[in-house]
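# Analysis of the macromolecular model
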Amino acid sequence: MHRGYQYLFGFFVLSASLAAPSAMNAAGKPHDNGRQEENHRDDKDRNRVYDRDHKDYHNWDDNEDRSFRVYLGERHREYHPFVELKVKEQRAYWNWRHRHPDHDHDGR
């Protein structure tokens with residue numbers, strides 16, 4: 001009977017050791033649902049916005065806001081917050097933004 005408990009205990013230890021890494025990965029990583037307007041915080045506590053087509057993040061600071069206002073001005077559009085744009089419009093802005101890096105100090 002003692003030997004049966006030894007196998008049962010071994011089974012539980014093995015199961016727990018195999019399941020632990022999966023549980024830690026699932027709980028530790030934020031999930032990206034692909035929405036471009038999703039804001040993130042970085043170490044410097046600035047808003048970051050993900051550009052899905054170019055696979056990079058942009059810090060949404062005063063410089064990015066100025067560039068966004070230039071973009072809207074070239075299109076004769078009123079200012080409204082970037083996060084309120086439709087995904088198609090956000091993608092158009094990021095495409096324009098990558099063609100106009102002179103409005104950005106960090107080269108993106």
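Notes on the structure in this doc start here. Just so you know, these numbers come straight off a predicted model, no measurement behind them.

## Description of the pattern of salt bridges
Tallying each qualifying case throughout the model produces five salt bridges. The salt bridge partner of E64 is R97, with a shortest N-O separation of 2.7 Å. In this pair, E64 sits in helix α2 (residues 62-74) while R97 sits in helix α3 (residues 87-99), placing the two residues 33 residues apart along the sequence.

## So, the pairing of strand β3 (residues 56-60)
With four of five residues buried, β3 lies mostly within the body of the structure. One ladder, built from five bridges, connects strand β2 (residues 47-51) with β3; its direction is antiparallel. The residue bridging R48 from the neighbouring strand is N59, located in β3. Where β2 hands over to β3, the hairpin turn is made up of four residues, of which K55 adopts a positive phi near 55°.

## Points about α3
For α3, with 13 residues, the first-to-last C-alpha span of 19 Å sits near the 18 Å given by 1.5 Å per residue. Those residues of α3 not exposed but buried are Q90, Y93, W94, W96 and R97. Along α3, the residues classed as buried sweep out an arc of 160° about the axis, all on the same side. Turned more than 90 degrees away from the buried face of α3, the exposed residues are K88 and R99. Against the buried residues of α3 lie β2, β3 and α2.

## A closer look at the packing of aromatic side chains
Per the counting criterion, the structure on display carries 15 aromatic pairs. When the centroid spacing of 6.0 Å and the interplanar angle of 70° are considered together, the rings of F68 and Y79 count as edge-to-face. Here F68, found in helix α2, pairs with Y79, found in the loop between α2 and α3; they are 11 residues apart in sequence, far enough to count as distant. F68 gets classed as buried once you look at its relative accessible area, which sits at 0%. Arranged with centres 5.3 Å apart and planes meeting at 55°, the rings of Y71 and W96 form a pair that is tilted. Placement of Y71 in helix α2 and of W96 in helix α3 is noted, with a sequence separation of 25 residues between them. According to the relative accessible area criterion, W96 is buried, its value standing at 1%. Put simply, the rings of W60, F68, Y71, Y79, F82, Y93, W94 and W96 touch in pairs and so form one group of aromatic residues. Geometry around Y57 places R48 over its ring, the cationic atom sitting 4.1 Å from the centre. A cation over a ring is seen here: R69 above Y79, with NZ or CZ 3.7 Å from the ring centre.

Definitions and limits used
Residues numbered from 1 in each chain as written. Predicted model: local features only at pLDDT ≥ 70, side-chain atom pairs only at ≥ 80, totals over all residues. Heavy atoms only, no water. Salt bridge = Lys/Arg side-chain N within 4 Å of Asp/Glu carboxyl O. Helix = DSSP H or I, 4+ residues; strand = E, 2+ residues; numbered from the N terminus. Buried < 20%, exposed > 50% of the residue type's maximum accessible area, 1.4 Å probe, protein only. Pairing = 2+ DSSP bridges. Expected span 1.5 Å × (residues − 1). Arc of directions from axis to C-beta. Contact = heavy atoms within 4.5 Å. Phe/Tyr/Trp six-rings, centres within 6.5 Å; stacked < 30°, edge-to-face > 60°. Lys NZ or Arg CZ within 6 Å of the ring centre and 35° of its normal.

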